[in-house]
Amino acid sequence: MIWEVPCYAPACMTGLAINAEKLGRRYGRRWALADVTFRVPAGTVLMVSGPNGSGKSTLFRVLATAIRPDLGKVTVLGFDLIREREDVRKAVALLSHHSYLYETLTARENLVVVSQHLGVGTDGVGPLLARVGLGERGDDAVSTFSAGMRKRLSFARVLLQTPRLALLDEPYAQLDPEGFDLVDDVIRELKADGTTVLVATHQLERTSRLADNALRLEGGRLL
Amino acid sequence: MIAALRKELLLQWRSRAQFLAVFVFGASSLLLFSFGIGPNAEVLRQFSAGFLWLGLLLSSTLTLAESFHDEMENRALEGLLLLPSDPRALYYGKAIANWLQLTLLGSALIPVMVVLYDAGTDRIVALLGIVALGAAGLSAPGTLYAAMTAQVRGKQTLLPLLLFPLIVPALLASVKATSLVILGDPMDSLRAWVVLLASFDAIYWALCGLLYGRVIED
C-alpha cells in the first residue's frame, strides 16, 4: 500500500519531493527501516513521529544521503538517491542529532567554512547569526556553547544552504521557549518559499499546527 | 580545495599547542635513540638520518590521528560531505595541511639532530627539500589511513600497523637521501634516491586522492 500525503496547496502541483518505494535499511541483522513506502508532494510540511528507535533519524539520514538504503528505490526532488547523490545533496539540508560543528572554531567561522564550501559569499553569515539569536556570541568558540546554542547554530547552518528539502530531526530538542518560536517561524518561512520540510519530533501538538500531514513510524515500519 | 585547506589550517592554528607537544615527543625520541648508540660521535653521525626519520615517523602518527579528531567529534566531516563537498577536495585540503605540519616538524627536528648526533651539513636547502619530499610521502597515505581508522577503537594502534608497511619505500628513500646529504655523496647517487622518493610521492598522492571518497562515505 502506498502512503500518500494529500495536499491542495499550489506548491503541491509542482510534483513530488520524495517518492520512496519499499525502502529498507538495516544495522547488522536489525532492520531500522523496513518496507517503507510513501510520497510527499513538494512544498508541504510533513510531521514524522514515532517512539525512540522507531527509525525516524535513520529515515532522515537515508533521505539526506548520509547513509545508503539497503533495499528499495527512492527519488528526492526527482533525483535518484543512489545514482544522483550529488544532485540530492545540493538540494537537501539535514538538521541532525549531530551538530556538524567544529568545536574549536567560533560560530562565525563555522558558518564561513560552510559558505566557502558551498561557494556562496560570507555576507549572509552575520545576519544569519542574529536571526538565530547568536549575534552577540558569533566570535565565541562553539566549545563554550550550551546545547541549545549549538542547536541554534546548526539551524543557521541549514538555512545557509537554502535547501529545497529541509529535514529537521528533533528541531525543538534542547531549545528554550524562544527557540521553539524560532523553529516555528523558520518552518513557516521555508514553506512560504516553497521548500518541502520534514520534521521528526515528539512535539506533536505544536508541530501539527504547522504540518500539512503526518506520518508515524514504529519499529521501522509505517503505521 | 582552497576552502578545505583554509579550514584545515585554521583548525591547526587553533590546536597549535598540540604541535609543540608533538615536537617535544619527536625531540625526546631522538634523545632516547642517541642513548642507544652511546657516546661514539662517528657512529651517532652515521645513524643520524635514520633516527631523524624514525622520530618524524613516530610523531606523524600522533599528528595524523589528531587531524581527524575535530572531524569526528560532531561528525563535522559528514556535514561537509552533505553540503556537498568533493571528497577529493577534502582529502587534498587535509593532506596538504598535514604535509605542511610534518614538514615544519621535520625542519624543527633537524637542529635537534645536529646537536645530538653531531650531524651538521652546509647543504641545508637540500636537507629541507628532502624533509619536504619525505613528509609528502608520509602525509598522503597517512591522511587516508587516519580517515579509515578515525572511527574505530584502538585507532592509535591500528594507524601505525596499517601505515608503516605501506611507507617503507618512501621512508627508505628519505633515509638514504638524508644520509647522503649529511655524510657526503661520493657516488653521486642522491639524485636517484630523490627521484625515487618523488615517484612514490606522486603515486601515493594520486591513488589516495582517488580512494578517499570510498573510505569516508557510508
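Description of the structure in this document. (Residues numbered from 1 in each chain as written. Chains lettered and ligands numbered in written order. Predicted model: local features only at pLDDT ≥ 70, side-chain atom pairs only at ≥ 80, totals over all residues.)

### What about the overall build of chain B?
Then, number 1: Secondary structure summary: chain B contains ten helices and zero strands in total.
Then, number 2: Going residue by residue from the N terminus, the α and β elements of chain B occur as α-α-α-α-α-α-α-α-α-α.
Then, number 3: Taking 2.2 N^0.38 as the reference for a compact globule, 218 residues should give roughly 17 Å; the C-alpha atoms of chain B span a radius of gyration of 18 Å, in line with that estimate.
Then, number 4: Seen along its three principal axes, the alpha-carbon backbone of chain B occupies a region of about 55 × 30 × 30 Å.
Then, number 5: Within chain B, the proportion of its 218 residues that are buried is 47%.
Then, number 6: Sequence separation of 24 or more characterises 83% of the internal contacts of chain B that already satisfy a separation of 6 or more. (Helix = DSSP H or I, 4+ residues; strand = E, 2+ residues; numbered from the N terminus. Rg over C-alpha atoms; globule rule 2.2 N^0.38 Å. Buried ≥ 20, exposed ≤ 12 C-beta atoms within 10 Å, placed from the backbone. Contact = placed C-beta atoms within 7 Å.)

### Digging into the interface of chain A and chain B
Then, number 1: Counting from both sides, the interface comprises 24 residues of chain A and, opposite them, 20 residues of chain B.
Then, number 2: Of all the elements in the fold, those that place two or more residues in the side of chain A that touches chain B are α2 (85-91) and α3 (107-118) of chain A.
Then, number 3: With six residues, α3(A) is the single largest residue contributor to the side of chain A that touches chain B.
Then, number 4: Partitioned by chemical class, the residues of the side of chain A that touches chain B number eleven nonpolar, seven polar and six charged. (Nonpolar A, V, L, I, M, F, W, Y, C, P; charged D, E, K, R; others polar.)

### Points about the nonpolar core
Then, number 1: The biggest cluster of nonpolar side chains holds 133 residues, and the ones touching the most others in it are A:Leu167 and A:Val199.
Then, number 2: Residue contributions to this core peak at 14 residues, all from helix α6 (residues 87-117) of chain B.
Then, number 3: Apart from residues lying up to four places away in sequence, A:Val199 is in contact with A:Val45, A:Met47, A:Val48, A:Leu168, A:Pro171, A:Ile187, A:Thr207 and A:Ala211. (Core = buried A, V, L, I, M, F, W, Y, C linked by C-beta atoms within 7 Å.)

### Some details on the sheet that holds strand β10 (residues 213-218) of chain A
Residues and elements named next belong to chain A.
Then, number 1: Overall, mixed pairing links the six strands, which are arranged β7-β8-β9-β4-β10-β11 in an open sheet. Because the sheet does not close on itself, it has two edges, and the strands there are β7 (92-95) and β11 (221-222).
Then, number 2: Judged from the four bridges that link them, strand β4 (residues 45-49) and strand β9 (residues 196-200) form a sheet pairing that is parallel. What sits directly across from Met47, in β9, is Val199. (Pairing = 2+ DSSP bridges.)

### Considering the environment of B:Ala150
All names here are of chain B.
Then, number 1: When you line up the elements, Ala150 lands in the loop between α7 (124-149) and α8 (155-166).
Then, number 2: C-alpha separation for the pair Ala150 and Glu42, spaced 108 residues apart in sequence, amounts to 42 Å.
Then, number 3: Beyond its immediate chain neighbours, meaning those up to four positions away, Ala150 contacts Phe68, Glu71, Met72 and Lys155.

### Describing unusual backbone geometry
Then, number 1: Residues B:Leu83 and B:Pro84 are joined by a peptide bond in cis, for which omega reads 10°.
Then, number 2: Looking at the element boundaries, B:Pro84 is found in the loop between α5 (76-81) and α6.
Then, number 3: Unusually for a residue other than glycine, A:Tyr100 sits at a positive phi of about 60°.
Then, number 4: With respect to the element layout, A:Tyr100 can be found in the loop between β7 and α3.
Then, number 5: Under the C-beta neighbour-count criterion, A:Tyr100 is labelled buried, with 24 such atoms within 10 Å.
Then, number 6: Phi angles above zero are rare outside glycine, and B:Arg75 is one such case at about 55°.
Then, number 7: Tracing the backbone shows B:Arg75 in the loop between α4 (69-73) and α5.
Then, number 8: Taking the C-beta count within 10 Å as the criterion, B:Arg75 has 19 such neighbours and is therefore assigned partly exposed.

### Some thoughts on the pairing of strand β8 (residues 165-169) of chain A
Residue and element names in this part refer to chain A.
Then, number 1: Taking burial as the measure, the five residues of β8 include five buried ones, the bulk of the element.
Then, number 2: Because side chains alternate across β8, one face comprises the buried residues Leu165, Leu167 and Asp169, and the other comprises Ala166 and Leu168, equally buried.
Then, number 3: Of the pairings in the sheet, the one linking β7 to β8 comprises four bridges and is parallel in character. Considered in β8, the bridge of Leu95 is made with Leu168.
Then, number 4: Since β8 and β9 lie parallel, the crossover through helix α6 (residues 177-192) that links them has a hand, and here it is right-handed. (Right-handed = clockwise from strand over helix to strand, strands pointing away.)

### Some remarks on helix α1 (residues 2-14) of chain B
Then, number 1: For α1(B), which comprises 13 residues, the first-to-last C-alpha distance of 18 Å matches the rise-based estimate of 18 Å (1.5 Å per residue) to within 8%.
Then, number 2: Of all the residues in α1(B), the buried ones are B:Ala3, B:Ala4, B:Lys7, B:Glu8, B:Leu11 and B:Gln12.
Then, number 3: Buried-residue contacts for α1(B) involve α3 of chain A together with α4 and α6 of chain B. (Expected span 1.5 Å × (residues − 1).)

### Looking at the packing of helix α2 (residues 16-37) of chain B against α6(B)
All names here are of chain B.
Then, number 1: Contact pair α2 / α6: the axes reach a minimum separation of 10 Å and the direction vectors enclose 35°. Both α2 and α6 take part in a crossing whose hand is right-handed. Mapping the contact onto sequence places Phe19, Val22, Phe23, Gly26, Ala27, Leu30, Leu31 and Ser34 in α2 and Gln101, Leu105, Ala108, Leu109, Val112, Met113, Leu116 and Tyr117 in α6. (Axes fitted to C-alpha atoms, helices over the stretch in contact; angles between N-to-C directions. Left-handed = near helix turned anticlockwise from the far one by under 90°.)

### A short note on the environment of B:Ala76
Then, number 1: Residue placement: B:Ala76 occurs in helix α5.
Then, number 2: Looking at B:Ala76, the number of C-beta atoms within 10 Å reads 23, which means it is buried.
Then, number 3: Taking the C-alpha atoms as reference, B:Ala76 lies 23 Å from B:Ser60; in sequence the two are 16 residues apart.
Then, number 4: In this structure B:Ala76 touches A:Tyr100, A:Leu101, A:Tyr102, B:Asp70 and B:Glu71, once residues within four positions along its chain are discounted.

### Brief notes about the environment of B:Val115
All names here are of chain B.
Then, number 1: Relative to the helices and strands, Val115 is located in helix α6.
Then, number 2: Taking the C-beta count within 10 Å as the criterion, Val115 has 14 such neighbours and is therefore assigned partly exposed.
Then, number 3: Counting along the chain gives 39 residues from Val115 to Ala76, while the straight-line C-alpha distance between them is 42 Å.

### Thoughts on the pairing of β10(A)
All names here are of chain A.
Then, number 1: Where β4 and β10 come together, four bridges link them in parallel fashion. Directly across from Val48, in β10, lies its bridge partner Leu215.
Then, number 2: One ladder, built from two bridges, connects β10 with β11; its direction is antiparallel. From the neighbouring strand, Leu217 faces β11, where its bridge partner is Leu222.
Then, number 3: Counted between consecutive antiparallel strands, the loop separating β10 from β11 contains two residues, among which Gly219 sits at a positive phi close to 60°.

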